[in-house]
Amino acid sequence: QVQLVESGGGSVQPGGSLRLSCAASGRTFSIYKMGWFRQASGKEREFVAAIHRTYGSTYYADSVKGRFTISRDDAQNTVYLQMNSLKPEDTAHYYCAATDSGGYYRPVDYNYWGQGTQVTVSS
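Here is what the cut-offs are and how they apply
- Residues numbered from 1 in each chain as written.
- Predicted model: local features only at pLDDT ≥ 70, side-chain atom pairs only at ≥ 80, totals over all residues.
- Heavy atoms only, no water.
- Phe/Tyr/Trp six-rings, centres within 6.5 Å; stacked < 30°, edge-to-face > 60°.
- Helix = DSSP H or I, 4+ residues; strand = E, 2+ residues; numbered from the N terminus.
- Buried < 20%, exposed > 50% of the residue type's maximum accessible area, 1.4 Å probe, protein only.
- Pairing = 2+ DSSP bridges.
- Axes fitted to C-alpha atoms, helices over the stretch in contact; angles between N-to-C directions.

## Describing the packing of aromatic side chains
Move 1: Counted according to the given criterion, the structure contains nine aromatic pairs.
Move 2: When the ring of F37 is compared with that of F47, the centres are 5.7 Å apart and the planes differ by 75°; the resulting orientation is edge-to-face. In this pair, F37 is assigned in strand β4 (residues 33–39) and F47 in strand β5 (residues 46–52), connecting sequence segments 10 residues apart.
Move 3: The exposure class assigned to F37 is buried, which follows from its relative accessible area of 0%.

## Section: the sheet that holds strand β8 (residues 78–83)
Move 1: Within the open sheet, the four strands sit side by side as β1-β3-β8-β7. Their pairing is antiparallel. Each end of this open sheet is capped by a strand with a single partner; those strands are β1 (2–7) and β7 (68–72). Each adjacent strand pair in this sheet contributes to an overall mean axis angle of 15°, direction not counted.
Move 2: In this structure, strand β3 (residues 18–26) lies alongside β8, joined through six bridges in antiparallel fashion.

Following this line, the structure appears as structure tokens:
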């Protein structure tokens, strides 16, 4: 069992920045990859970014590439999402996810989910 807790959400103006954090606990040794998804009101949950926990390989949705950066801490227990140049279309509830199996881009590829944190970008 893995527990994930997100933090760092909030409201910012367009062009601003936020950094989301996701702290993992429990059977963290079993986690292969960690990622971020988001779900805007009335829309389906979509992939944002992912990182291989040990190798450090990163993957991004085209919509955030060049603006968002996913990273991990040295202990590999926390994953971050640095969000720069935020746009109103980035407004969504952001979820941290982890998996002990393969896959990167689909919600079904992930076994564990946090409660999420709201990000709102508006003027």
